[in-house]
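Residues per chain are reported as follows:
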Amino acid sequence: MVGLQGVAVYAVLFASAGAGALHAQALMLEASGPMAGAAFGRTVAVLGDVNGDGRGDLLVAAPFDGTSEASGSDGGYVGSVHALSGVDGSELWSAQGEEPSELFGWAIAAAGDVNGDGIPDALIGAPNHDDFRGRVLVCSGDTGEVLAELFGHHPGDHFGGALSAAGDVDDDGHADIAIGAWNEGDSLPGQGMLRILSGANGAQLLEVLGAHAFDHFASALAATGDVDLDGVPDVLAGAEQMDLDALTDDVGGAVMISVKFGIPLWTLLGETFDEGFGHSLAGPGDITGDGAPEALIGVPFSSDFGENGGKAMVVTGAEGLLVQNLVPPAWYGEYGISLCGAGDADEDGVLDVAIGAATGGDPLGDGPGRVYVQSGVDGSLLDDFVGTSVLGGFGWGLASGDLDADGVTDLVVGAPWAGGSPVGPGKLEVYSGDLWVTLGLGTPGTGGTPQFVVEGEPVISSPVSFMLADAQPGAPAILIIGASKLMAPFKGGTLVPNPDLLAPLVHVGGDGSISLAGTWVPGPLSGMQLFFQWWVADAGADHGWASTPGVQLTVP
């Protein structure tokens, strides 16, 4: 270990000089839609690692895409869906709709491994296809190849309006899928239908109808996991127009379905007309610590906190009992328009939640959108992410997962109208759940790709170490520090930081590691982003140099 007079003194040198931009959160990557009005980011999902680089990848929909690629000779918008690298946001594959206005990508979901190739696959819904009959594509996560195409039973069903993974319901080694057709009716019009279909062959495993006419049952779906601990994962279904009698017209509802037995475990109803109870749903994991996962329900059009201010709640997965009511930190924002688990964001041993408010922020009711991370213990505000475009819809799309494989949950946020005036193409932004964010993949050397290990917190007088590991023993190495991100091709790899400062040259130890250690010192401003990367002069590397992935820090 090499001691420095506070390794953070390098950061201070350029922080005090005013270099670097201020940011409120650790933005890992961003991407923009194909054209103005495409609504890129309206729905987002974390697929898992589809390209084998060890990082989670993304699925993003643009249901109003009308580019020539998407619309072909038919004209109009047909929609598109894009699989993006979780490393840099580059496109891995894309799929386009077939019919104008079929809303291709209105619903998307990570399906799990449907075809048994070890790679997670994707679900894409187009609920307005063929006179509103609707269709769903099951696509290979690896290539985007269509593995199956499924259709609604009748015109007007809106099959594919909601999608979710269902887990391996029939225990055949293939992930199964849940599909909602919110306007399908059997004996009653508009009841809504939930179907669980085999991932192996598309055979129907379960069918559940809504209880009443025009409930629009299965207008939203969420994979919660096995809430009743019967060995089969269950599914939460929303029914945004559910009512039981004249006193509860169109208040909305949420129904937990036992997939093993095909029956409701519980049903919860909203309180007021058109408040959107059950408009959004999520499975946040086991918040209470009782061994069974909970359910998260959004009510974005409730006016308890200003007109369309919204609210949400966490309930037990097995019984639907209230765990806590979640209230918006600010009014008038359609809080609860989107939901997801946030992992243990504050490291208190309890899982937390993230909630989107698509019109949150200033001006009230017409803001750029916000996403709030709130405590699973008491609902207190842990973090607040804010959009940049007025009425950009930041937070309309929301998902989470550990994209950079650091053991911390990251947030994926869609802003479908952002990026232009009056309407942009839409944007996707990914925020790290950790202060230290991994960027890029590194450049292999003699013994593989060197690794960057950071220990400590950037708090004044706290110990911090920047370790280089898995490097060529005895090789010269240098830590590059920047106040901005460069991401430029260099020596067969990617130079992540702008090289504002170079730490003193060191030599890798006999075990392939070296560490620069010290204490964090005053200077870097809160919110400032700093970038770090080790480079190693390795004769066995293709271009004579190996490197670690970069590391980004947002100073707390």
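The preceding data block contains the structure.
Residues numbered from 1 in each chain as written. Predicted model: local features only at pLDDT ≥ 70, side-chain atom pairs only at ≥ 80, totals over all residues. Heavy atoms only, no water.

(A) Local environment of the layout of surface pockets. Put simply, the largest pocket is a space of about 1300 Å³. Around the largest pocket, the lining is made up of 44 residues, and of these Val44, Ile108, Leu163, Leu221 and Leu281 lie nearest the centre. Those elements that provide at least two residues to the lining of the largest pocket are strand S3 (44-48), strand S7 (107-112), strand S11 (159-167), strand S15 (217-225), strand S19 (280-285), strand S23 (335-341) and strand S27 (397-401). Partitioning the lining of the largest pocket into residue classes produces 27 nonpolar, 15 polar and two charged. (1 Å grid on protein atoms, 1.4 Å probe; cavity = no way out; pocket = protein on both sides within 12 Å on 5 of 7 lines; lining within 4 Å. Points joined across faces, edges and corners; volume = space filled by probe spheres on them. Helix = DSSP H or I, 4+ residues; strand = E, 2+ residues; numbered from the N terminus. Nonpolar A, V, L, I, M, F, W, Y, C, P; charged D, E, K, R; others polar.)

(B) Seen up close, the packing of aromatic side chains. Enumeration over the complete set of coordinates arrives at 13 aromatic pairs. Here Phe64 and Tyr77 contribute two aromatic rings whose centre-to-centre distance is 5.1 Å and whose plane-to-plane angle is 70°, an arrangement assigned as edge-to-face. Taken together, the positions of Phe64 in the loop between strand S4 (57-62) and helix H2 (68-71) and Tyr77 in the loop between H2 and strand S5 (80-84) put the pair 13 residues apart, joining distant regions of the chain. Phe64 gets classed as partly exposed once you look at its relative accessible area, which sits at 22%. When its relative accessible area of 31% is taken as the criterion, Tyr77 is described as partly exposed. An aromatic cluster of at least three residues, connected via ring pairs, comprises Phe64, Tyr77, Trp106 and Trp417. (Phe/Tyr/Trp six-rings, centres within 6.5 Å; stacked < 30°, edge-to-face > 60°. Buried < 20%, exposed > 50% of the residue type's maximum accessible area, 1.4 Å probe, protein only.)

(C) Fine view of empty space enclosed by the protein. Applying the stated criterion to the full structure yields two cavities of 30 Å³ or more. Size it by volume and the largest cavity reaches roughly 40 Å³. Along its surface, the largest cavity is lined by Pro368, Gly387, Thr388, Ser389, Gly392, Phe394, Ala415, Ala418, Lys427 and Glu429. Across the lining of the largest cavity, the residue classes break down as four nonpolar, four polar and two charged. Of the voids in this model, the second largest cavity is the one considered here, and its volume is about 30 Å³. Considering the residues around the second largest cavity, the lining is formed by Gly445, Thr446, Gly447, Gly448, Pro450, Asp470, Ala471, Gln472, Val536, Asp538 and Ala546. Of the residues in the lining of the second largest cavity, the class split is four nonpolar, five polar and two charged.

(D) Quick look at the pattern of salt bridges. Applying the stated rule across the entire model yields 11 salt bridges. Salt-bridge contacts for Arg135 lead to Glu102; the nearest nitrogen and oxygen are separated by 2.9 Å. Here the residue Arg135 occupies a position in strand S9 (residues 135-139), and Glu102 occupies one in the loop between strand S6 (91-96) and S7, the gap between them amounting to 33 residues. Residue Arg135 shares its accessibility class with Glu102, and that shared class is buried. (Salt bridge = Lys/Arg side-chain N within 4 Å of Asp/Glu carboxyl O.)

(E) Just the sheet that holds S5, in detail. In spatial order, the strands read S3-S4-S5-S6; together these four strands make up an open sheet with antiparallel pairing. The sheet terminates laterally at S3 and S6, the two strands that pair on one side only. Put simply, the sheet's adjacent strands are angled 20° from each other on average, direction ignored. Sheet analysis places S3 next to S4, joined by four bridges and oriented antiparallel. Following the sheet pairing, Gly48 is matched in S4 by Asp57. (Pairing = 2+ DSSP bridges. Axes fitted to C-alpha atoms, helices over the stretch in contact; angles between N-to-C directions.)

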